[in-house]
Amino acid sequence: MRYAHYCESCDGRSPVRYTRHDAKQDRADHRHQHHGDLRPADRIEEVPGFLSATAGALAADARRAAREGVRAAGRSSLISRILGETSMKQALRLLLGGVGVIVVIEFVTRCARH
Ligand SMILES: [Zn+2]
């Protein structure tokens with residue numbers, strides 16, 4: 001991470017530094033030279049490096065793609081048509097029935113063991 005001092009009063013930013021300590025020194029120098037050692041509204045900002053900026057942009061793109069994918073799937077007439085077909089309804093009933101049979105068998109075998 002890199003750091004920079006930003007002064008809101010002057011709307012000015014110091015050069016980017018590689019340590020927070022150096023950015024704080026810039027802040028102290030700026031306060032002394034331009035504000036008579038008073039404390040204007042200012043802050044030390046974290047400036048992301050190339051890798052963290054790239055990783056952040058990729059993560060934001062992935063989140064946006066996931067959101068858009070879910071929305072697109074919800075609007076998809078193909079998915080609506082598939083879920084509306086009789087054969088798909090029968091397949092879902094069979095699947096749920098099969099899961100129910102497995103649960104009953106598991107319950108019976110557990111009761112038989114105890
Ligand atoms: Zn200033």
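Residues numbered from 1 in each chain as written. Predicted model: local features only at pLDDT ≥ 70, side-chain atom pairs only at ≥ 80, totals over all residues. Heavy atoms only, no water.

1. Some points on the domain arrangement of the protein
Here the protein is partitioned into domain 1 (2-47) and domain 2 (52-113). When each unit is reduced to the centre of its C-alpha atoms, the spacing between domain 1 and domain 2 is 52 Å. (Domains from an automatic or database assignment.)

2. Remarks on helix H1 (residues 20-35)
The end-to-end C-alpha separation of H1 is 21 Å, in line with the 22 Å expected for 16 residues at 1.5 Å each. For H1, the complete set of buried residues consists of Ala23, Asp26, His30, Arg31 and His35. With its buried residues spanning 135° around the axis, H1 presents them on a single face. Among the exposed residues of H1, those oriented more than 90 degrees off its buried face are His21, His32 and Gln33. (Helix = DSSP H or I, 4+ residues; strand = E, 2+ residues; numbered from the N terminus. Expected span 1.5 Å × (residues − 1). Buried < 20%, exposed > 50% of the residue type's maximum accessible area, 1.4 Å probe, protein only. Arc of directions from axis to C-beta.)

3. What about the coordination of the zinc ion?
The zinc ion binds to the protein through Cys7 (SG), Cys10 (SG), His30 (NE2) and His35 (NE2), with metal-donor distances spanning 2.0 to 2.2 Å. For the zinc ion, the 4 donor atoms are set out with angles of 104 to 113° between them, so the coordination reads as tetrahedral. Site description for the zinc ion: donor spacing in sequence, C-x2-C-x19-H-x4-H. Assigned by exposure class, His30 and His35 land together as buried. (Donors = N, O, S within 2.8 Å, 3.2 Å for Na, K, Ca; no water. Tetrahedral: all angles 85-135°; square planar, octahedral: opposite > 155°, others 65-115°.)

4. Side note on the side chain of Asp26
Within the element layout of this structure, Asp26 appears in helix H1. What makes Asp26 buried here is its relative accessible area of 14%. Look past the residues within four positions of Asp26 in its chain and what remains in contact with it is His5, Ser14, Pro15 and Arg17. (Contact = heavy atoms within 4.5 Å.)

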